[in-house]
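Observations on the model geometry
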2 protein chains.
Amino acid sequence: MFNFKIESESRNTRARAGLLQTSHGRIKTPVFMPVGTLGTVKSLSPEELLDAGAQVILGNTYHLYLRPGCEVINLFHGLHKFMHWEKPILTDSGGFQIFSLAKLSKVTDEGVTFQSHIDGSSHALTPEKSIEIQICLGSDIVMCLDQCIEYSFDRDKTKDALDRTTCWAKKCKNIWTEKAQNKSALFGIVQGGVFKDLREISVAGLVEIDFSGYALGGLSVGEPKDIMLEIAESTLPMLPHLKPKYVMGVGTPEDLVDLVALGADMFDCVIPTRNARNGQMFTERGTINICNSRFKHDTAPVESGCACYTCRHYSRAYLRHLYMAKELLAYRLNTIHNIHYYMKLMEQMRSAIQKDEFEIFRKKFIEKRMS
Amino acid sequence: MFNFKIESESRNTRARAGLLQTSHGRIKTPVFMPVGTLGTVKSLSPEELLDAGAQVILGNTYHLYLRPGCEVINLFHGLHKFMHWEKPILTDSGGFQIFSLAKLSKVTDEGVTFQSHIDGSSHALTPEKSIEIQICLGSDIVMCLDQCIEYSFDRDKTKDALDRTTCWAKKCKNIWTEKAQNKSALFGIVQGGVFKDLREISVAGLVEIDFSGYALGGLSVGEPKDIMLEIAESTLPMLPHLKPKYVMGVGTPEDLVDLVALGADMFDCVIPTRNARNGQMFTERGTINICNSRFKHDTAPVESGCACYTCRHYSRAYLRHLYMAKELLAYRLNTIHNIHYYMKLMEQMRSAIQKDEFEIFRKKFIEKRMS
């Protein structure tokens, strides 16, 4: 069912445009995946996501395992029907959330035990169990369980975590091959922190196991932006050219443009949705905060010429009013615009790659955003 | 521009079906008006309101005067364009909110001074100013400023308030005649508390001034339900038969059916929207609370056969999950269903009146709701 095809490649950068085929349809790359943590991209309906151009969303295994739990989602034969989303879903493995949200997590070679951030209940997650949960969710793109580490980890600790991640990746591959290879793709996750040689070791281990695609994990965990880009720049070319390359948890519009130039195909991040709920809205001419009092009497849309539902029907003055009054509609209208902005940005990059004009696009993009 | 026509009357009850013509289109009565306090019916888009069958919404003058204020709404030539709602809008006068929300309100024959519930700032509202604000809002149906009283008020205090309300009504009529009679309708508000003879005095005073329609105010302020119905039963027939009759701030589905039987044409209430946000959902077979654990594994929609967006695409299990996780989409999906339920109930009543089967409808309605 799963297949990846590169359609165009930029000559002056490593940017490429491709097509991912999944059980729930095709995905044009480069692609940004809105985050639907708990079976909903916060504040949006599936129709609004489609209208904004979303092709695939991300579901969080950790969150969905805790609430509503697999026994509920099984009744719907997966997340698609449960949440009324018929397009592809990528699920993460739970690894990142266990290390960032859960309490008292303990890692052994078998897996990880942790306490729920909601009610303190104890749980154990093994590589096998992570895959089984993702199969229950009906995921189109399944991620291997990885051990995430803090930015501050030293070389030895980082090496330990990457070795464990490679070992878990084998176990994930085995159970996925047995139970889900006809229905989904399985991606390996590269660890190795900020150490380029460790990233190389991680890549080698994963490539030997052989995955449908590869992700860079352990980025966006507090490291400075130039280090994130440096690691991506050195690691992305190590990954098999013909496989999709996914940079997890990134990023700002500028990050996406930089990483596409470095050869990344897939992204997910809470920035467009979370920032929308904090009043921050992205436009081609920079980022604005809708609470700003200069918008109080502004009858223009957030972005002139923007085709999103929010910009077609509402003014900055109205959005500011809703936001200041904490009206529920504020979060939705802001999110619609930001998701639309991200989707349009990805389409523009894809189109530029196809015309082999990515460098020109990138230059104009930066100029406009700084204006 | 404004016109009311009775199309059908029930023979065994006082129920009637009519048509209200306003500057922004026709309204079929009996009608329920969703409450859009701050220029938004909480959590819904205008398209969702239309889809549910909403014909007219209510805007709160007190709230909109404080936020965003007339100088903002003037830039949009009224509330319609500001909030992207092209159908009729009825605005209240601010009277009820000043007495229920504002602090340190003081009433004189000239008007009322009060402190904002948001920032404590001081304001004065006169009958004239209330009408001017409503004109600025571009209201299709303008309400006279009334003095609302508590349920506990004695006869003398109640009489004082109704006399003042009548006096204000004259002032409202004068300024409305001068400034807005071509663009809107003006309704008088009957006061008189729980004293039937005082209600009669209030009606006589208002009818002498002559309004486009008449509302019963001062109900739903804490009085027992049978007293509310008793006052409505005695007061509604006193109002001019050929004018629309509006019962303000009411009510449950049962209240609406009872009051339509007594001859009421128009209603507004926060119950369908507020209760939705608290997880309470209305169905033909009773009211349910979506948090209930018995819905955890329930794959059925809130109401089988319901044509609303929520029931067409989502299960009780999903809605419960969203609600328990405090997901923003929960409030919207619940509100869509409840507004749809209220709109359908009004349509069913109208259709029953037109077939002169209102008594049969009412009997079946009660039987089902109790089942």
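Heads up: the structure comes first, above all this text.
Quick look at the structure, then.

Reading the values: rules and limits
Residues numbered from 1 in each chain as written. Chains lettered and ligands numbered in written order. Predicted model: local features only at pLDDT ≥ 70, side-chain atom pairs only at ≥ 80, totals over all residues. Heavy atoms only, no water. Helix = DSSP H or I, 4+ residues; strand = E, 2+ residues; numbered from the N terminus. Least-squares fit on C-alpha atoms with pLDDT ≥ 70 in both. Contact = heavy atoms within 4.5 Å. Expected span 1.5 Å × (residues − 1). Buried < 20%, exposed > 50% of the residue type's maximum accessible area, 1.4 Å probe, protein only. Arc of directions from axis to C-beta. Pairing = 2+ DSSP bridges. Core = buried A, V, L, I, M, F, W, Y, C linked by side-chain atoms within 4.5 Å. Phe/Tyr/Trp six-rings, centres within 6.5 Å; stacked < 30°, edge-to-face > 60°. Buried area = accessible area lost by both parts, 1.4 Å probe. Salt bridge = Lys/Arg side-chain N within 4 Å of Asp/Glu carboxyl O. Axes fitted to C-alpha atoms, helices over the stretch in contact; angles between N-to-C directions. Parallel < 35°, antiparallel > 145°, perpendicular 65-115°, else oblique. Left-handed = near helix turned anticlockwise from the far one by under 90°. Nonpolar A, V, L, I, M, F, W, Y, C, P; charged D, E, K, R; others polar.

Here we look at unusual backbone geometry
Geometrically, the link from Thr-29 of chain A to Pro-30 of chain A is a cis peptide bond, its omega value of 0° lying close to zero. The step from Val-250 of chain B to Gly-251 of chain B runs through a cis peptide bond, and the omega angle for that step is 10°. Along the chain, Gly-251 of chain B falls in the loop between strand S13 (245-247) and helix H10 (253-261). Phi is positive for Ser-43 of chain B, which is not a glycine, with a value near 85°. For Ser-43 of chain B, the location among the structural elements is in the loop between strand S4 (31-33) and helix H1 (46-52).

So, the relation of the copies chain B and chain A
Note on the copies: chain B fits chain A at an RMSD of 0.0 Å, the axial shift is 0.0 Å, and the rotation between them is 180°. Both copies are brought into coincidence by an operation consistent with a two-fold rotation axis. In terms of proximity to the rotation axis, the leading residue of chain B is Leu-328 of chain B, whose C-alpha is 3.7 Å off the axis. A shared binding surface is used by both copies, with 100% of the interface residues of chain B retained as interface residues in chain A.

Considerations on helix H15 (residues 358-370) of chain B
All names here are of chain B. The end-to-end C-alpha distance of H15 is 18 Å, a good match for the 18 Å that 13 residues give at a rise of 1.5 Å each. By the burial criterion, the buried members of H15 are Phe-358, Phe-361, Phe-365 and Arg-369. Angular distribution of buried residues about the axis of H15 spans 55°; they occupy a single face of the element. Residues Lys-363, Lys-364 and Met-370 are exposed on H15 and point more than 90 degrees away from its buried face. Structurally, H15 contributes buried residues whose contacts are with H10, strand S15 (280-283), strand S16 (286-289) and helix H14 (328-354).

A word on the pairing of strand S9 (residues 122-125) of chain A
Looking along a regular strand, one sees the side chains alternate between the two faces of the sheet. All names here are of chain A. Going residue by residue along S9, you find His-123 and Leu-125 tucked away on one face and Ser-122 and Ala-124 left uncovered on the opposite face. Where strand S8 (residues 112-115) and S9 come together, 4 bridges link them in antiparallel fashion. Paired with Val-112 across the two strands is Leu-125, which belongs to S9. Following S8, the chain reverses through 6 residues before pairing antiparallel with S9; Gly-120 in that reversal takes a positive phi of roughly 75°.

What about the pairing of strand S1 (residues 3-9) of chain A?
Relative to strand S2 (residues 16-22) of chain A, S1 of chain A runs antiparallel, the two sharing 6 bridges. Pairing of Ile-6 of chain A across the sheet is with Gly-18 of chain A, part of S2 of chain A.

Some words on the nonpolar core
Leu-259 and Phe-358 of chain A together with Leu-259 and Phe-358 of chain B are the most contacted members of the largest nonpolar core, which has 202 residues in total. Setting aside residues no more than four positions away along its own chain, Phe-358 of chain B makes contact with Ser-10, Thr-13, Ala-15, Val-257, Val-260, Ala-261, Met-349, Ala-352 and Ile-353 of chain B. With 19 residues, the next largest nonpolar core counts Ile-141, Ala-185, Ile-189 and Met-248 of chain B among its residues.

A few points about the packing of aromatic side chains
Residue and element names in this part refer to chain A. Under the counting rule described, the total for this entry stands at 28 aromatic pairs over all chains. Between Tyr-62 and Phe-114, the ring centres sit 5.5 Å apart and the planes meet at 50°, which makes this aromatic pair tilted. Separated by 52 residues along the polypeptide, Tyr-62 in helix H2 (residues 61-66) and Phe-114 in strand S8 bring together distant segments of the chain. Note on Tyr-62: relative accessible area 2%, which makes it buried. Phe-114 gets classed as buried once you look at its relative accessible area, which sits at 3%.

Section: the interface of chain B and chain A
Contact with chain B, which involves 38 residues of that partner, is made by 38 residues of chain A. Note on chain B versus chain A: buried area summed over both sides is about 3300 Å², and carbon and sulfur give 61% of it. When the buried area of chain B at its contact with chain A is split by residue, His-321, Glu-327 and Leu-328 of chain B rank highest and sum to 17% of it. The interface formed by chain B and chain A includes 6 salt bridges.

Section: helix H8 (residues 196-209) of chain B
All names here are of chain B. In this model H8 runs 20 Å from its N-terminal to its C-terminal C-alpha over 14 residues, within 8% of the 20 Å that 1.5 Å per residue would give. Looking only at H8, the buried set comprises Leu-198, Arg-199, Ser-202, Val-203, Gly-205, Leu-206 and Ile-209. Looking straight down H8, one finds its buried side chains confined to an arc of 165°; they lie on one side. One or two residues past the end of H8 sits Asp-210, with phi positive at roughly 80°.

Here we look at the pattern of salt bridges
In total, this model carries 41 salt bridges over all chains according to the counting rule given. For the salt bridge of Asp-356 of chain A with Arg-11 of chain A, the shortest nitrogen-to-oxygen distance reads 2.6 Å. Taken together, the residues span a long stretch of sequence, with Asp-356 of chain A in the loop between helix H14 (328-354) and helix H15 (358-370) and Arg-11 of chain A in the loop between S1 and S2 at a distance of 345 residues. Accessibility expressed as a relative area gives 26% for Asp-356 of chain A, which makes it partly exposed. Judged by its relative accessible area of 71%, Arg-11 of chain A falls in the exposed class. Taking the shortest distance from any N to any O, the salt bridge between Glu-48 of chain B and Arg-332 of chain B comes out at 2.8 Å. With a gap of 284 residues between them, Glu-48 of chain B in helix H1 and Arg-332 of chain B in helix H14 connect regions that are remote in the sequence. Because the salt bridges share partners, they merge into one network encompassing Glu-48 and Arg-332 of chain A together with Glu-48 and Arg-332 of chain B.

Re the packing of helix H13 (residues 316-324) of chain B against H14 of chain B
All names here are of chain B. At a minimum axis distance of 7 Å, the contact between H13 and H14 shows a crossing angle of 135°. With respect to H14, the element H13 is oriented oblique. For the pair H13 and H14, the crossing hand works out as left-handed. Along the contact surface, H13 presents Tyr-318, Leu-319, Leu-322 and Tyr-323, while H14 presents Leu-329, Ala-330, Tyr-331, Leu-333 and Asn-334. In terms of residue class, the contact of H13 with H14 is made up of 8 nonpolar, 1 polar and no charged.

Overview of the sheet that holds strand S3 (residues 25-29) of chain B
All names here are of chain B. Judged by pairing direction, the sheet is antiparallel, and its 3 strands sit side by side in the order S1-S2-S3 without closing on themselves. The open sheet has two edge strands, strand S1 (3-9) and S3, and neither has a second partner. With direction set aside, neighbouring strand axes in the sheet form an average angle of 15°. Note: strand S2 (residues 16-22) against S3, 5 bridges, orientation antiparallel. Along S3, the bridge assignment pairs Leu-19 with Lys-28. Across the sheet, H14 touches S1, S2 and S3, and the angle it forms with S2 is around 115°.

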